[in-house]
Amino acid sequence: GENVEQHPSTLSVQEGDSAVIKCTYSDSASNYFPWYKQELGKRPQLIIDIRSNVGEKKDQRIAVTLNKTAKHFSLHITETQPEDSAVYFCAARQGGKLIFGQGTELSVKP
Amino acid sequence: GAGVSQSPSNKVTEKGKDVELRCDPISGHTALYWYRQSLGQGLEFLIYFQGNSAPDKSGLPSDRFSAERTGGSVSTLTIQRTQQEDSAVYLCASSLRQGPVSGYGYTFGSGTRLTVV
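Quick summary incoming for the structure in this document. (Residues numbered from 1 in each chain as written. Chains lettered and ligands numbered in written order. Predicted model: local features only at pLDDT ≥ 70, side-chain atom pairs only at ≥ 80, totals over all residues. Heavy atoms only, no water.)

## As for the overall build of chain A
- Secondary structure assignment for chain A yields zero helices and eleven strands.
- For chain A, the α and β elements follow one another from N to C terminus as β-β-β-β-β-β-β-β-β-β-β.
- The globule rule puts the C-alpha radius of gyration for 110 residues at 13 Å, and the 13 Å found for chain A is close to it.
- For chain A, the C-alpha atoms occupy an extent of roughly 40 × 25 × 20 Å along the three principal directions.
- A burial count over chain A gives 45% of its 110 residues as buried.
- Taking the contacts inside chain A whose residues are at least 6 apart along the sequence as the reference set, 53% of them involve residues at least 24 apart.
- Split by element, the accessible area of chain A, about 5400 Å² in all, is 45% carbon and sulfur.
- One finds the centroid of the 13 positive side-chain charges in chain A at a distance of 7 Å from the centroid of its 13 negative side-chain charges. (Helix = DSSP H or I, 4+ residues; strand = E, 2+ residues; numbered from the N terminus. Rg over C-alpha atoms; globule rule 2.2 N^0.38 Å. Buried < 20%, exposed > 50% of the residue type's maximum accessible area, 1.4 Å probe, protein only. Contact = heavy atoms within 4.5 Å. Areas by Shrake-Rupley, 256 points an atom, 1.4 Å probe, with all protein chains shown as cover. Lys, Arg positive; Asp, Glu negative; His and termini not counted. Charge placed at Lys NZ, Arg CZ, Asp CG, Glu CD.)

Here you go:
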């Protein structure tokens, strides 16, 4: 089955800096890769996703890149703000379900 | 409904007792998922329902765990003879189409926090 590895587990940046979170997956058949943000005590929410026929997707300050050959994808957040502080999860679709990484706790210090 | 609804929001139970957790998905969403999130951990897949197809139970950790979905809508996750390691937040999600695809990601419920004492 699919296995998703996510790094780092924690990340601390200064406000205004960039943050990068990386994930690898094992199943070459996976074709959909979303990212979720979970604020403390709240439910995970979809922030951006990418399909396997696209190499990069951007939405304002966040972007996702995908390298199908290497089976890895990354989340990039630019000009970080304190409200970006949360746990971020990557995921890969296996069949009809998502398999999630272990999460990255991002802390943005003002 | 407007969102995915889960009940109860919190449940404290004694070790060895059975518990039932309920999920009411967004109306019209054909796919329903259960995940478990232990303290500081990721989202562990448990089970997935899609329409009238047989559920994907590959993530259920033991035969003490079971789930059903009645009428293609509400789902109940049952944990029998609860153990302390079952303590976690149980999250339900639903999806409009067959599995999550671009633009149709999961919508999660707020979860049920289960504490086994």
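## Structural notes on the interface of chain A and chain B
- Facing the 18 residues of chain A at the interface are 23 residues of chain B.
- Regarding the contact of chain A and chain B, the summed buried area is about 1700 Å², with carbon and sulfur atoms giving 55% of it.
- A per-residue breakdown of the area chain A buries against chain B is headed by A:R43, A:K97 and A:F100, which together make up 32% of the total.
- At the boundary of chain A with chain B, the tally comes to one salt bridge.
- Inspection of the chain A/chain B interface yields eight residue pairs in polar contact (both at pLDDT 80 or more). (Buried area = accessible area lost by both parts, 1.4 Å probe. Salt bridge = Lys/Arg side-chain N within 4 Å of Asp/Glu carboxyl O. Polar contact = N/O pair within 3.5 Å; in protein donor to acceptor, adjacent residues only side chain to side chain.)

## Here's the deal with the pairing of strand β6 (residues 65-69) of chain B
Residues and elements named next belong to chain B.
- Side-chain alternation along β6 places F65, A67 and R69 on a buried face and S66 and E68 on a face that remains uncovered.
- Relative to strand β7 (residues 75-79), β6 runs antiparallel, the two being bridged by five bridges. Looking across to β7, one finds that F65 is bridged to I79.
- Linking β6 back to β7 in an antiparallel pair, the connection comprises five residues, with G71 at a positive phi of about 60 degrees. (Pairing = 2+ DSSP bridges.)

## Regarding the sheet that holds strand β8 (residues 72-77) of chain A
Residue and element names in this part refer to chain A.
- Here five strands make up an open sheet; going across it, the order is β1-β3-β8-β7-β6 and the pairing antiparallel. Strands at the two margins of the open sheet, each flanked by one partner only, are β1 (4-7) and β6 (56-59). For this sheet, the mean inter-axis angle between neighbouring strands, taken without regard to orientation, is 15 degrees. (Axes fitted to C-alpha atoms, helices over the stretch in contact; angles between N-to-C directions.)

## Observations concerning the layout of surface pockets
- A volume near 740 Å³ is recorded for the largest pocket.
- Lining the largest pocket are 36 residues, and of these A:Q38, A:L40, B:Q37, B:L39 and B:G40 sit closest to its centre.
- If you list the elements that add at least two residues to the lining of the largest pocket, you get β9 (86-94) and β11 (104-109) of chain A together with β8 (88-95) and β10 (112-116) of chain B.
- In this model, the second largest pocket occupies a volume close to 270 Å³.
- Every residue lining the second largest pocket is counted, 20 residues in all, and those nearest its centre are A:I99, A:F100, B:L43, B:E44 and B:F45.
- Elements with a minimum of two residues in the lining of the second largest pocket: β1 and β10 (97-100) of chain A together with β4 (31-37) and β5 (44-50) of chain B.
- In terms of residue class, the lining of the second largest pocket is made up of seven nonpolar, eight polar and five charged. (1 Å grid on protein atoms, 1.4 Å probe; cavity = no way out; pocket = protein on both sides within 12 Å on 5 of 7 lines; lining within 4 Å. Points joined across faces, edges and corners; volume = space filled by probe spheres on them. Nonpolar A, V, L, I, M, F, W, Y, C, P; charged D, E, K, R; others polar.)

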